[in-house]
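Fold and geometry: a report
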Amino acid sequence: MQKKRLAPPLRFLMAARQRELGRLEALTELSRLVDLISQLVHSLQKERGLSNALLCDVGDTVLVQVTTQARESAAIEKQVREAWDGLIEPAGPTERASVRLLSSIAHALQQMEPLETLREQVRRRAIAPETATGRYTGLIGALLAIVFELADAAIDADVTRALVALLNFIQGKELSGQERACGVVGFLNGYFTDERKAQMQALVQAQERCFDAFMAHGGPREADASHWEHARELTETLARLRTIAARTSAGQQVDPQLSAAWFAAATARIDAMHHVERALIEGLARLCQARISSTREELADHRVLLDQLSAAETRDGTGRVFSVQARPLSAPPEDNLGAGLQASVLDMLSRQTARLAESEHQLAQARKALDERKHVERAKWVLVAALGVTEKEAHDQLQKTAMNTGQPLHMVAREVIERLGGKRTGRD
């Protein structure tokens, strides 16, 4: 016997739940893309560090390590490119690939084009360390911009919060890599110029801001806290070398061999951070899967309840009309399921409405934190480009303006973007 069609309100209720499930299942692909990009970023960070060491003559076996690491980066890059292609295939999930996301990917692909040429220049030692570091850093920055846009696609509050924490941590780790490269050159020269000292200080302060934000938005899980503590312990070791660097001058130089000690200490710290990074990404994947499983179970429960309702309909096939007291206005059904079943359906409707309202509120709060971070980051680089200042000077200027005007930092950032970087600041 053909199954009766559900009443329109119930059909739309089920359709809404199924749509929500579909959007949540997209989180699996989102977390996979974040994972792949983070792997590529980490591999390129290692490649940048080894290339810097090779160009600065730190270590005797670095050339082999650089070649091996470049092959590893190329293999991960291939996977990332395949995943990106999936976003624009005819059957791909194009509805969540925003204009900004696709534009960010296009920019990263453009940055990748000269990568093989850069690698060849590094192998032949035909490029200055600072130039090579700058090119790797530009590519890594383009990849991190994609992760920001992927975070914008999240439709779950807990997932968005986890992404905000992860983004801040990844940025802090990237700044640690830049500090490693800067320190290698300074120690190799025997002393740090005032300009390089200022650069080192700015990188340290920027790291601290990122890691403070990471902790504010969740930090490591209790099970992963040991990795984070280990990274913090290694920071103390690096701090001693930072102090030595700050005291150097043209008249008070140090042994260039300290460059190898600096590289080793900075690398150990970054490797420890990578353990934290991997734990955060694995936690993100588990969170996505848990939300999907929970929604599937709720959808299955809805189907069972609605199937029972369909079977309990009146013999003449007319639909039931419900009062606000969850009682049918027509005559009571002959079976004993009616009143309780109708109450269950209305309770389901009520629960779903309340849950969606709460979810939207939490998501809005999580998105607010993400948007504020994006505005501050974008405003900093707008100031760097427009005024020719450093990243630290740009951030200090934003903070000073916020203090003088009594405005929140993100509001000052938005005004800077609108004034100097164009009017278009919203998400596409």
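Note that the structure is a prediction, hence the values are computed from the model and not measured. (Residues numbered from 1 in each chain as written. Predicted model: local features only at pLDDT ≥ 70, side-chain atom pairs only at ≥ 80, totals over all residues. Heavy atoms only, no water.)

1. Describing the nonpolar core
The condition that has to hold: Among the buried residues, those of types Ala, Val, Leu, Ile, Met, Phe, Trp, Tyr and Cys that are joined through side-chain atoms within 4.5 Å form a nonpolar core. Burial classes: relative accessible area under 20% of the type maximum marks a residue as buried, over 50% as exposed, and values in between as partly exposed (1.4 Å probe, protein chains only). In DSSP terms, a helix is any run of H or I states spanning at least four residues, a strand is any run of E spanning at least two, and both are numbered starting from the N terminus.
Ile 37, Trp 84, Leu 143 and Ile 146 are the most contacted members of the largest nonpolar core, which totals 78 residues. At 13 residues, the largest contribution of residues to this core is made by helix 1 (residues 8–55).

2. Observations concerning the packing of helix 7 (residues 194–216) against helix 8 (residues 225–247)
Condition: Under this scheme, a helix contributes an axis fitted over its contacting stretch, all axes are lines through C-alpha atoms, and angles between N-to-C directions fall in the 0 to 180 degree range. Orientation categories follow fixed angle ranges, with anything under 35 degrees roughly parallel, anything over 145 roughly antiparallel, 65 to 115 roughly perpendicular, and all other angles oblique. By convention, the crossing between two helices is left-handed when the near helix turns anticlockwise from the far helix through less than a right angle, and right-handed when the turn is clockwise. In what follows, a contact means two residues having at least one pair of non-hydrogen atoms within 4.5 Å. All residues other than Ala, Val, Leu, Ile, Met, Phe, Trp, Tyr, Cys, Pro, Asp, Glu, Lys and Arg, Gly among them, are scored as polar; the first ten of these are nonpolar and the last four charged.
Close contact between helix 7 and helix 8 brings their axes to 12 Å; oriented N to C, the two are set at 160 degrees. It follows that helix 7 is roughly antiparallel to helix 8 by the angle criterion. You can see that helix 7 and helix 8 cross each other, and the crossing is left-handed. From helix 7, Lys 197, Val 204, Gln 207, Phe 211, Phe 214 and Met 215 reach across to helix 8, where they touch Trp 228, Arg 242, Ala 245 and Ala 246. Partitioning the contact of helix 7 with helix 8 into residue classes produces 7 nonpolar, 1 polar and 2 charged.

3. Thoughts on the pattern of salt bridges
Rule in force here: Salt-bridge detection follows one rule: a side-chain nitrogen of Lys or Arg within 4 Å of a carboxyl oxygen of Asp or Glu.
Throughout the structure, instances matching the rule amount to 12 salt bridges. For Arg 123, the salt bridge goes to Glu 120, with nearest N and O atoms at 3.2 Å. Of the two residues, Arg 123 and Glu 120 are both situated in helix 4 (residues 115–123); the distance of 3 residues between them amounts to about one turn of the helix. Look at Glu 120 and you get partly exposed, because its relative accessible area is 31%. Between Glu 120 and Arg 124 there is a salt bridge, with the nearest N and O atoms lying 3.4 Å from each other. Shared partners join several salt bridges into a network, and the residues in it are Glu 47, Glu 116 and Arg 119.

4. What to know about the confidence of the model for the protein
Close inspection of predicted coordinates is inappropriate in any region flagged by low pLDDT. Stated precisely, the cut-off is as follows: Values of pLDDT, the confidence the predictor places in each residue, fall between 0 and 100.
Per-chain confidence: the protein averages 78 in pLDDT, with 72% of residues scoring 70 or above. Across the protein, the secondary-structure element scoring lowest on mean pLDDT is helix 10 (residues 338–387), at 63, and the one scoring highest is helix 4, at 95. The low-confidence segment residues 314–343 (pLDDT under 50) makes 27 contacts with residues lying over four places distant or belonging to another chain. Taken together, the stretch residues 423–428 has pLDDT below 50 and engages in 16 contacts with residues farther than four places along the chain or on a different chain.

5. Overview of unusual backbone geometry
Positive phi values are uncommon outside glycine, yet Arg 125 reaches one of about 55 degrees. With respect to the helices and strands, Arg 125 occurs in the loop between helix 4 and helix 5 (129–152).

6. Quick notes on the side chain of Glu 179
If you trace the backbone, Glu 179 turns up in helix 6 (residues 157–189). Once residues lying within four places of it in the same chain are set aside, the contact partners of Glu 179 are Met 200, Leu 203, Val 204, Gln 207, Leu 238, Arg 242, Trp 262 and Arg 269.

7. Re the packing of helix 2 (residues 62–85) against helix 4
It is the contact of helix 2 with helix 4, at a shortest axis distance of 11 Å, that shows an interaxial angle of 170 degrees. Here helix 4 runs roughly antiparallel to helix 2, going by the angle between their axes. Listed contacts from helix 4 to Leu 63, Val 66, Thr 67, Ala 70, Ser 73, Ala 74 and Glu 77 of helix 2 are Leu 115, Arg 119, Val 122 and Arg 123. Split by residue class, the contact of helix 2 with helix 4 holds 6 nonpolar, 2 polar and 3 charged.

8. Brief notes about the side chain of Gln 207
Within the fold, Gln 207 resides in helix 7. What Gln 207 contacts, discounting residues up to four positions off in sequence, is Gly 172, Leu 175, Ser 176, Glu 179, Arg 242 and Arg 269.

9. Some points on the packing of aromatic side chains
The test is simple: Stacked, edge-to-face and tilted are the three classes for Phe, Tyr and Trp ring pairs, Trp counted by its six-membered ring, which pair at centre distances within 6.5 Å; planes under 30 degrees apart are stacked, over 60 edge-to-face, the rest tilted.
Inspection of every chain in the model, using the stated rule, returns 7 aromatic pairs. Measuring from centroid to centroid gives 5.5 Å for Phe 214 and Trp 228, while their planes differ by 75 degrees, and the two rings are edge-to-face. On the criterion of sequence distance, the pair formed by Phe 214 in helix 7 and Trp 228 in helix 8 is long-range, its members being 14 residues apart. Both residues of the pair, Phe 214 and Trp 228, count as buried. In textbook terms, an aromatic cluster arises when at least three aromatic residues are bridged by ring pairs, as seen for Phe 169, Phe 211, Phe 214 and Trp 228.

10. Structural notes on helix 8
Keep this limit in mind: How far a helix is expected to stretch is found by multiplying one less than its residue total by 1.5 Å.
Over its 23 residues, helix 8 extends 34 Å from the first C-alpha to the last, a length consistent with the 33 Å expected when each residue adds 1.5 Å. Every buried residue of helix 8 is listed here: Trp 228, Ala 231, Leu 234, Thr 235, Leu 238, Leu 241, Arg 242 and Ala 245.

11. Concerning the environment of Gln 253
Here is the rule: Any pair of N or O atoms that falls within 3.5 Å is considered a polar contact. Within protein, one atom must be able to donate a hydrogen and the other to accept it, and sequence-neighbouring residues count only if both atoms are side-chain atoms.
On the secondary structure map, Gln 253 appears in the loop between helix 8 and helix 9 (258–311). Residue classification places Gln 253 among the partly exposed residues on the basis of a relative accessible area of 48%. With 66 residues separating them in the primary sequence, Gln 253 and Phe 187 have C-alpha atoms 8.9 Å apart. In terms of polar contacts, Gln 253 uses its side chain to reach the backbone carbonyl oxygen of Ala 250, at 3.2 Å.

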